[in-house]
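# Results of the structural survey
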Amino acid sequence: PTGERLPDKEWVSVITKYIDNNYYEPIQLEILADVCHGSPYHLQRTFKKVLGITPVEYVQQVRITEAKEQLIHSERTISNIAMKVGIPNTPYFITLFKKMTGYTPREFRQLNHKQLTEVLHGGKDHA
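Description of the structure in this document. (Residues numbered from 1 in each chain as written. Predicted model: local features only at pLDDT ≥ 70, side-chain atom pairs only at ≥ 80, totals over all residues. Heavy atoms only, no water.)

So, about the side chain of Thr54. As for its placement among the helices and strands, Thr54 is situated in the loop between helix 3 (40-51) and helix 4 (55-73). Discounting chain neighbours no more than four positions away, the residues touching Thr54 are Gln44, Phe47 and Lys48. (Helix = DSSP H or I, 4+ residues; strand = E, 2+ residues; numbered from the N terminus. Contact = heavy atoms within 4.5 Å.)

Here it is as structure tokens:
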């Protein structure tokens, strides 16, 4: 409001907070730059300098982290979770999820349900 520029770290903090609260919306560099009163080029450069990753990579991390939570704690379909975290293209969501976690969403869910069951039942089931 004063027209003065925030220090880079504070500015990036404002941007990450916006992303954290709006990750399920379509987020483009131009929108972020507009919301945070800067140019897309400056935003990209400053964000990467401060956090070591690009704004797009940060958005992807936030979305995949939220997807992991939903895969573990809900029975929603994978395509529904993809939509909820802002990636309406399910094949792209699955590809991105695997690239970032090493597992497909289905594998991740199965792995975590198995671990959860073992924790709750004190080890492996003896059948």
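Turning to the packing of helix 1 (residues 8-22) against helix 4, a few remarks are in order. Helix 4 packs onto helix 1 with a crossing angle of 40° between their chain directions and a minimal axis gap of 10 Å. If you check the angle between helix 1 and helix 4, you find them oblique. Judged by the twist between their axes, the crossing of helix 1 over helix 4 is right-handed. Across from Thr16, Ile19 and Asp20 in helix 1, the residues of helix 4 making contact are Pro55, Tyr58, Val59 and Val62. Looking at the contact of helix 1 with helix 4 residue by residue, the class counts come to five nonpolar, one polar and one charged. (Axes fitted to C-alpha atoms, helices over the stretch in contact; angles between N-to-C directions. Parallel < 35°, antiparallel > 145°, perpendicular 65-115°, else oblique. Left-handed = near helix turned anticlockwise from the far one by under 90°. Nonpolar A, V, L, I, M, F, W, Y, C, P; charged D, E, K, R; others polar.)

Bringing the nonpolar core into the picture now. Judged by nonpolar contacts, the single largest core of 27 residues is most densely connected at Ile15, Ile19, Leu43, Phe47, Val85, Phe93 and Phe97. Taken together, the elements giving at least two residues each to this core come down to helix 1, helix 2 (29-35), helix 3, helix 4, helix 5 (78-84) and helix 6 (90-101). Broken down by element, the residue count for this core peaks at six residues, all from helix 4. Setting aside residues no more than four positions away along its own chain, Phe93 makes contact with Ile64, Ala67, Ile78, Ile81, Ala82, Val85, Ile87 and Pro105. (Core = buried A, V, L, I, M, F, W, Y, C linked by side-chain atoms within 4.5 Å. Buried < 20%, exposed > 50% of the residue type's maximum accessible area, 1.4 Å probe, protein only.)

Another aspect to go through is the packing of helix 4 against helix 6. Helix 6 packs onto helix 4 with a crossing angle of 95° between their chain directions and a minimal axis gap of 11 Å. Classified by the angle their axes make, helix 4 and helix 6 are roughly perpendicular. Contact with helix 4, carried on its side by Gln60, Gln61, Ile64, Ala67, Lys68 and Leu71, involves Tyr92, Phe93, Leu96, Phe97, Met100 and Thr101 of helix 6 and no other residues of that element. Within the contact of helix 4 with helix 6, the residues separate by chemical class into eight nonpolar, three polar and one charged.

Applying the stated rule across the entire model yields four aromatic pairs. Relative to Tyr24, the ring of Tyr23 has its centre 5.3 Å away and its plane inclined at 85°; by these criteria the two rings are edge-to-face. Look at Tyr24 and you get partly exposed, because its relative accessible area is 41%. Taking 5.8 Å as the distance between ring centres and 50° as the angle between the ring planes, the aromatic pair formed by Phe93 and Phe97 counts as tilted. Linking Phe93 with Phe97, this pair stays in helix 6, spanning four residues, or about one helical turn. Each member of the pair, Phe93 as well as Phe97, is classed as buried. Among the aromatic residues, ring-to-ring pairing joins Phe93, Phe97 and Phe108 into one connected group. (Phe/Tyr/Trp six-rings, centres within 6.5 Å; stacked < 30°, edge-to-face > 60°.)

Okay, the pattern of salt bridges next. Per the stated rule, a full pass over the model turns up one salt bridge. For the salt bridge of Lys49 with Asp8, the shortest nitrogen-to-oxygen distance reads 2.8 Å. With Lys49 in helix 3 and Asp8 in helix 1, the pair connects residues that are 41 residues apart, well separated along the chain. (Salt bridge = Lys/Arg side-chain N within 4 Å of Asp/Glu carboxyl O.)

Here helix 6 is 12 residues long and its end C-alpha atoms lie 16 Å apart, about the 16 Å a rise of 1.5 Å per residue gives. The N-cap of helix 6, judged by a side-chain oxygen 3.1 Å from the amide nitrogen of Tyr92 a few residues on, is Asn89. (Expected span 1.5 Å × (residues − 1). Polar contact = N/O pair within 3.5 Å; in protein donor to acceptor, adjacent residues only side chain to side chain.)

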